[in-house]
Each structure stands twice: as C-alpha cells, then as structure tokens.
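Residue-level structure breakdown
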Amino acid sequence: MSDLIRVILLGIIEGITEFLPISSTGHLLIAEQLGLGQRSDLFNIGIQAGAILAVTLIYWKRLWQLLTQWRDPANRDYLAKLTVAFLITAVLGFIAVKCGFTLPDTVTPIAWALVIGGFWMIGAEAVAARQPERREVTWTVAVLVGIAQMLAGIFPGTSRSAATIFAGLLAGTSNRAAATEFAFLVGIPTMYAATGYELLKVVKNGGAVHEDWSALIVGFVVSAIVAFAAVKWLLGYIRTHRFTAFAIYRIALGVALLLWLPAGG
C-alpha cells in the first residue's frame, strides 16, 4: 500500500469519526496499529483541524450571527458560555501538557474506553430522555462541557463529541440538537488552538523540516470533505434517532479488540 493511500485512509477515518460519538483519536490509533503507520502529533491534530473546518463551514451562519449580533442578550450569553467552556478546556489541557501527559500507544486502553463509554452512553441517554425538553445552555452545561472535552483528550476512545454532547444532555440541555450544536461550536476554537499550539511547537523545535507537509495537506483536505458529509448526515439523523446505534457499535468494536488483541497489546 502506498503512503498516499494510507494518508487518504487516515483522512477518511478522521473525517467520519471526529464528530460521530465513537472516538476519532481511538480509531486513528487503532488504524496506525493495524498497518496504516504511525504519524506525528501535528499530522493527527492537523487532520482533526480539517474536520473542524468542515463544521465551521456548516455552522458559519450561526457563528456569523453570534459575532455580528453580540449585543443581543441571548447571543452575548451564548458566546460567554462558549468562551468559558473553551477556557476550561484550554487551562486544564495546558496543565496536562505541563505534567508530561502523553497519549497511550497501545490499543487496549482504547478498547476499554470504547466499551465503558458505550454503556455510559446508553445509560446517559435513558436518563436524559426522562428530562423535560430544554434547549437552553446553562452555565453548568458550559462548565461540564469544558471539563468533558479535556477528559476526552486525555483518554483516547472516550470521544470528544460523545463526552461533550452527553455532558450537555445530562446537565440540562435535553434537546439533542441543541446539546450537539453547543458541543460542536466549542470544538471549533479548541481544535484550531490545539493545531496552532502543535505547529508552533514543531517550528520552535526545528521539526518543521522533517514534517511531511504534503501528507498533512492531503489528510487535511480529505478529512474536511468527509467530515462535512458526515456531520450533515449526523445532524439530520439525531432529529429522529437516539445515539443508541453508536453506543452498540462502540461496545462491539471494543469487545472485538479485547478478544483479538494479545494481553497488554
């Protein structure tokens, strides 16, 4: 298999999984272990930024409304909550980096995270379904979404979208579309900031000359195109469906990996 095909496949995997609640980082690590090759942190975060670009394009009207009509009390309140959620993620993420945290390079912890997260999603959605219909994003939701986003970054297999969407659902934003929109909008500045941070780190350490920029660009473009289609589909799907199918997929994949992998693999 040529390296170009590997890059395209990684871009497709990232584009599909970044915003579906099944963990993009987990799937990328699994793909790397299964033969698509290990990539740099900048590559992995860069193709995630491609998926974020897709969401930026999908939500551009909403973003434009928030930025140009910020004097409106409702928009100003929503922007403030987005900012707080982002800052919580940024600060906690910075602390994790300074403490020397690194992502695991084995699949076993990802498999367990997929299984546990799947059962948690089923239980959480059952609880959320009993709540009255609410589209409002409270300050509690904003804080918990910020924390959930950081935890998802620390534990691959958790899924940033799953963690943030269900944090919103359980904390009071019981409308799936509203919780999903807030979770996705928080992810926009978060992933752009993460990409910028990694890029600066690479440049500062002199690693830019060793980075495969052509592969990164191809992966970025493929991820953006695939993610655009995936998110469009997801936003339509959740109007009439729960997230149960994704939870079952997580559990099945996690169990299959645990059975297939050698001990400690």
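Use the structure listed above.
Figured I'd write up the structure that's included with this text. (Residues numbered from 1 in each chain as written. Predicted model: local features only at pLDDT ≥ 70, side-chain atom pairs only at ≥ 80, totals over all residues. Heavy atoms only, no water.)

**Regarding the pattern of salt bridges**
A side chain with one charge may pair with a side chain of the opposite charge, provided their charged atoms come close. The test is simple: By definition, a salt bridge exists where a carboxyl oxygen of Asp or Glu is found within 4 Å of a side-chain nitrogen of Lys or Arg. Strands are runs of DSSP state E lasting at least two residues, helices are runs of H or I lasting at least four, and both sets are numbered from the N terminus onward. Buried residues are those whose accessible area, probed at 1.4 Å on protein chains only, stays under 20% of the maximum for their type, while exposed residues exceed 50% and partly exposed ones sit between those limits.
Counting across every chain of the model gives six salt bridges. The partner of Asp3 in a salt bridge is Arg39, and the shortest N-O contact between them spans 2.5 Å. Placement of the pair is Asp3 in helix α1 (residues 3-17) and Arg39 in the loop between α2 (24-36) and α3 (41-58), with a sequence separation of 36 residues. The class of Arg39 is buried, set by a relative accessible area of 16%. Between Arg134 and Glu136 there is a salt bridge, with its nearest N and O atoms 3.1 Å apart. Look at Arg134 and you get partly exposed, because its relative accessible area is 32%.

**Section: the packing of α1 against α2**
Heads up, the condition is: Angles run from 0 to 180 degrees between N-to-C directions of axes, and those axes are lines fitted to C-alpha atoms, restricted for helices to the stretch in contact. Any angle that falls under 35 degrees is termed roughly parallel, while one over 145 is termed roughly antiparallel, one within 65 to 115 roughly perpendicular, and all others oblique. In this scheme the handedness of a crossing depends on how the near helix is turned from the far one: anticlockwise by less than a right angle means left-handed, clockwise means right-handed. What makes two residues a contact is simply this: any of their non-hydrogen atoms within 4.5 Å. Here the nonpolar group is Ala, Val, Leu, Ile, Met, Phe, Trp, Tyr, Cys and Pro; Asp, Glu, Lys and Arg are the charged ones; every other residue, Gly included, is treated as polar.
Taken N-terminus to C-terminus, the directions of α1 and α2 make an angle of 155°; their axes are 9 Å apart at the nearest point. In terms of orientation, α1 and α2 fall into the roughly antiparallel class. Here the hand of the crossing between α1 and α2 comes out right-handed. Between α1 and α2, the residues in contact are Arg6, Leu9, Leu10, Ile13, Glu14 and Thr17 and Ser24, His27, Leu28, Ala31, Gly35 and Leu36, respectively. Across the contact of α1 with α2, the residue classes break down as six nonpolar, four polar and two charged.

**A closer look at the environment of Leu216**
Residue placement: Leu216 occurs in helix α10 (residues 213-237). Separated by 173 residues in the primary sequence, Leu216 and Phe43 have C-alpha atoms spaced 5.5 Å apart. If we skip the residues at most four places from it in the chain, Leu216 touches Leu42, Phe43, Ile47 and Glu211.

**Topic: unusual backbone geometry**
Phi is positive for Ser23, close to 80°, though the residue is something other than glycine. Along the polypeptide, Ser23 turns up in the loop between α1 and α2. Even without being glycine, Ser159 reaches a positive phi, approximately 85°. Relative to the helices and strands, Ser159 is located in the loop between α7 (139-154) and α8 (160-171).

**Re α3**
Owing to its 3.6 residues per turn, the α-helix brings residues three or four apart onto one side. Heads up, the rule is: One fewer than the residue count of a helix, multiplied by 1.5 Å, yields its expected span.
Between the first and last C-alpha of α3 there are 26 Å, a value that for 18 residues agrees with the 26 Å anticipated at 1.5 Å per step. Burial within α3 is extensive, with 15 of its 18 residues counted as buried.

**Quick look at α10**
Relative to the 36 Å expected for 25 residues at 1.5 Å per residue, α10 spans 35 Å between its end C-alpha atoms, a close match to the ideal helical length. Taken together, the buried positions of α10 are occupied by Ala215, Leu216, Gly219, Val222, Ser223, Ala224, Ala227, Ala230, Val231, Leu234, Leu235 and Tyr237. Where α10 is buried, its residues touch α1, α3, α9 (176-204) and α11 (244-260).

**Things to note about the packing of α1 against α10**
Between α1 and α10, the shortest axis-to-axis distance is 7 Å and the interhelical angle comes to 35°. Of the two possible hands of crossing, α1 and α10 adopt the one that is right-handed. Residue-level contacts link Leu4, Val7, Ile8, Gly11, Ile12, Glu14, Gly15 and Ile16 of α1 to Ala215, Val218, Gly219, Val222, Ser223, Val226, Ala227 and Ala230 of α10. For the contact of α1 with α10, the residue count by class is eleven nonpolar, four polar and one charged.

**Side note on the packing of aromatic side chains**
Note the threshold: Within 6.5 Å between ring centres, the rings of Phe, Tyr and Trp (the latter by its six-membered ring) count as paired, and their orientation is classed by plane angle as stacked under 30 degrees, edge-to-face over 60, tilted in between. Charge-over-ring contacts are defined here by two conditions on Lys NZ or Arg CZ: a distance within 6 Å of the ring centre and an angle within 35 degrees of the ring normal.
With the rule as written, the count across this model stands at eight aromatic pairs. Considering the side-chain rings of Phe19 and Phe184, the 4.8 Å spacing of their centres and the 65° angle between planes classify their relative orientation as edge-to-face. On the criterion of sequence distance, the pair formed by Phe19 in the loop between α1 and α2 and Phe184 in helix α9 is long-range, its members being 165 residues apart. Exposure class is identical for Phe19 and Phe184. Each is buried. Through a chain of ring-to-ring contacts, three or more aromatic side chains come together here, namely Trp120, Phe166, Trp233, Tyr237, Phe243 and Phe246. The ring of Phe43 carries the charged tip of Arg39 above its face, separated from the ring centre by 5.4 Å. The ring of Tyr78 carries Arg62 above its face, with NZ or CZ at 4.5 Å from the centroid.

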